[in-house]
Protein chains: 2
Amino acid sequence: MKRITIKDLAKHLLLSTSTISRALVNDKNIHPDTKKKVLDAVEKLGYRPNPTALNLKYGQSKNIGFVVPEMITPFTSKVLRGIQNILYPLGYRVIITESDENPLIERKNLLLLEEFNVDGIIINLCHKSYNQDLYQQIMDRGIPLVFFDRIPGKSLDASKVMVNDNIKASLMIEHLIDTGRKRIAHIMGPSTIRNSTERAMGYKRILTKHGIFDPDLMVKTEGATFEHGRSAAQQLVDKKIEFDSIFAFTDTLAIGAMNYLLEQHIKIPEEVAIASFSGTELATIVHPQLTSVEQPLVEMGEIAAGLVLEKIKDIESPSKTIVMDAKLIYRASTLG
Amino acid sequence: MKRITIKDLAKHLLLSTSTISRALVNDKNIHPDTKKKVLDAVEKLGYRPNPTALNLKYGQSKNIGFVVPEMITPFTSKVLRGIQNILYPLGYRVIITESDENPLIERKNLLLLEEFNVDGIIINLCHKSYNQDLYQQIMDRGIPLVFFDRIPGKSLDASKVMVNDNIKASLMIEHLIDTGRKRIAHIMGPSTIRNSTERAMGYKRILTKHGIFDPDLMVKTEGATFEHGRSAAQQLVDKKIEFDSIFAFTDTLAIGAMNYLLEQHIKIPEEVAIASFSGTELATIVHPQLTSVEQPLVEMGEIAAGLVLEKIKDIESPSKTIVMDAKLIYRASTLG
DNA sequence: CAAAATTTTGGTAACGTTCCCATATAGGTT
DNA sequence: AACCTATATGGGAACGTTACCAAAATTTTG
């Protein structure tokens, strides 16, 4: 039951621990025969190296923290997948914390991760400014921070990866206009997130350009859950605001809205078209399937992992901001 | 930038490391004044304990492995939430690996986690028998294994937590019969998972009892994705098998099937009612909302975490099998 | 006031591994 | 044979922390 260590091997083979270590670490200063003997004993006794010892010795925990608002929708899962693709083969572990869209919990989670001695943190923040001071502190203490999707104010010198919200939102609005929609409503994301503002700006810009902008068509929300989407759609209907399409901040909001409309026997897309930002299966598991801006989430995770590795290797390496491309995918919710 | 250690504190305060340690660990053998001085210095110099040192000393990594088929649907996320509820406050970290429903990847992941030196593993397996030998080996090497949802054959002496698939499936079929359905199809789960068989048995038993069982109504699938659900529904339609309702192995399969039917302009629930196993938001984000067996997923995670902690504390403690209750929730997909 | 009892502190080994330095052995050159 | 150079191995410190035992300082007791 007791773990076999390098010392046990040494005792068993009547060698020093140094020699055993050399065999294990592919040092050239060792006789091939000795090396073979050691490797055989490793097999026979079932030795497995203890990473904790190395972590202590080299002052690294080989843990990366992952701080996200939630893991219930597939959005975060896909990014995580990308992160793991890069980090697991390198022997890093990923520790996940969910902040429930609450900046206070996010704060607690960040401190917890520091306590856990992580080598770096990848974060999708839940409030654009609330924890700015802590982000800075953590980086000052030598723990690199990498932001994805929702990024902080630019005063913070950290690596970031996201899509161009403003432009992609514009393109989606152009699509809705191209398909003959004139009364395009926007279910906004929470104002505490940068992306909300960016996407709303893209929306507003195009509608203004075409001279069909109407502030009544913008619905504010406090969050981005299905329920928020539902009640946003309900508001539009209740206030008797005329609309022939919806552009929602996220697929979650879009689906919430869609469900409400379907319950009211409003036909999609005939009476109301729906489009949003996505990148997950959510866009395709609903009926009709959702037209959306497909963000490359797995790749985003891979890039975020790469960025944090750069910083771990050299904390002084310059921060990078990577803007990824996203494709517009047209599906049944706006076509037909 | 360099990390402050207990030695730095000792040097700074002209005390021994032992005394510092005593102050930090709430030992009674220390003068209150000294303790205060130490605690002040901790604050001032920004000392944070290094958990890695303790891990090495006590032979624990404080890491728990989490092995699951996927993290894209909310099922696993919810269980994870429960696990974190219990383990994070105790200073444990959770390392997640996804096996993509592939026993070979699952095998690789288990070995990786062993490499990572985890203190225990919580697993939702992807094949009822394929890795049975490895499960046993890992436990033999002193790492406790706890199974949830999909459990292995009973020859394996390990703690487990799940719901009673057979009974809950029966109750759901009774519900469909109560609401007037007579041709109830069953989209089965993969035969490589115990739960599939259990749920199918419950289904068959009740239909047989009512004398309306027809093997043509059972559709086999190779997996449990949306696509599998779609094609199962398509099979039923293509083969012109008459059916007025579907009981699906999971919500994912149910939604896939539902989408196909909706595309064929088949009315739900008027023409076909749909029910399944769930416990996630998936059941409520679709239209119409799905009637389902709501499994208590967060609680399941909490219990799994508790079971693994018991085994960590005392590897000899007896294994437990916990069967949780699940509620049937009737929604629009079978009502009206 | 000395002796005993108690409280407070210091010294050090240990956890598992690697790496530097020193030592020993082998082989090769005069 | 004496020397030199490679090659191969051993010894021990270090990473940060705690736990044990020993030693010192303080308080209590007769």
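These remarks concern the structure in this document. (Residues numbered from 1 in each chain as written. Chains lettered and ligands numbered in written order. Predicted model: local features only at pLDDT ≥ 70, side-chain atom pairs only at ≥ 80, totals over all residues. Heavy atoms only, no water.)

**Some remarks on the protein's contact with DNA strand D**
Okay, step 1: Neighbouring residues of DNA strand D: 26 residues in total, closest A:Thr34, B:Ile6, B:Tyr47, B:Lys57 and B:Tyr58.
Okay, step 2: Backbone atoms, meaning sugar plus phosphate, form 64% of the atoms of DNA strand D positioned within 4 Å of the protein.
Okay, step 3: Side-chain polar atom of B:Ser21 to a phosphate oxygen of DNA strand D: 2.8 Å apart, as the coordinates give it.
Okay, step 4: B:Lys57 places a polar side-chain atom, nitrogen or oxygen, 2.7 Å from a base oxygen of DNA strand D.
Okay, step 5: Among the elements of the structure, helix H2 (17-24) and helix H4 (51-58) of chain A together with helix H1 (6-13), helix H2 (17-24) and helix H4 (51-58) of chain B are those that each provide at least two residues to the surface near DNA strand D.
Okay, step 6: Per element, the largest residue contribution to the surface near DNA strand D is 4 residues, and it comes from H4(B).
Okay, step 7: A class-by-class count of the residues in the surface near DNA strand D yields 10 nonpolar, 10 polar and 6 charged. (Near = heavy atom within 4 Å. Polar contact = N/O pair within 3.5 Å; in protein donor to acceptor, adjacent residues only side chain to side chain. Helix = DSSP H or I, 4+ residues; strand = E, 2+ residues; numbered from the N terminus. Nonpolar A, V, L, I, M, F, W, Y, C, P; charged D, E, K, R; others polar.)

**A short note on helix H9 (residues 194-209) of chain B**
Residue and element names in this part refer to chain B.
Okay, step 1: Taking 1.5 Å as the rise per residue, H9 with 16 residues should run 22 Å; its terminal C-alpha atoms sit 23 Å apart, in good agreement.
Okay, step 2: For H9, the complete set of buried residues consists of Asn195, Ser196, Arg199, Ala200, Gly202, Tyr203, Ile206 and Leu207. Viewed end-on, H9 has its buried residues packed into an arc of 155°, placing them on one side of the element.
Okay, step 3: Phi turns positive one or two residues past the end of H9, at Gly211, with a value near 70°. (Expected span 1.5 Å × (residues − 1). Buried < 20%, exposed > 50% of the residue type's maximum accessible area, 1.4 Å probe, protein only. Arc of directions from axis to C-beta.)

**Quick look at the sheet that holds strand S10 (residues 291-294) of chain A**
Residues and elements named next belong to chain A.
Okay, step 1: Here we have 6 strands laid out as an open sheet, ordered S7-S6-S8-S9-S10-S12, and mixed in their pairing. Each edge of the sheet is formed by a strand with only one pairing partner; in this case those strands are strand S7 (218-219) and strand S12 (327-329).
Okay, step 2: Both strand S9 (residues 273-278) and S10 contribute to a ladder of 4 bridges, which runs parallel. Counted as the bridge partner of Ser276 is Ser292 from S10.
Okay, step 3: Against the sheet, helix H9 (residues 194-209) makes contact with strand S6 (184-187), S7, strand S8 (245-248) and S9, and its axis sits at roughly 165° relative to S6, the strand it touches most.
Okay, step 4: In the packing of helix H11 (residues 251-263) onto the sheet, the strands contacted are S6, S8 and S9, and the crossing angle to S9 comes to about 155°. (Pairing = 2+ DSSP bridges. Contact = heavy atoms within 4.5 Å. Axes fitted to C-alpha atoms, helices over the stretch in contact; angles between N-to-C directions.)

**Quick notes on the protein's contact with DNA strand C**
Okay, step 1: Neighbouring residues of DNA strand C: 26 residues in total, closest A:Ile6, A:Tyr47, A:Tyr58, B:Thr19 and B:Thr34.
Okay, step 2: For DNA strand C, the backbone portion of the atoms within 4 Å of the protein, that is sugar and phosphate, comes to 64%.
Okay, step 3: A distance of 3.3 Å separates a phosphate oxygen of DNA strand C from a polar atom in the side chain of A:Lys7.
Okay, step 4: For the surface near DNA strand C, the secondary-structure elements that each account for two or more residues are helix H1 (6-13), H2 and H4 of chain A together with H2 and H4 of chain B.

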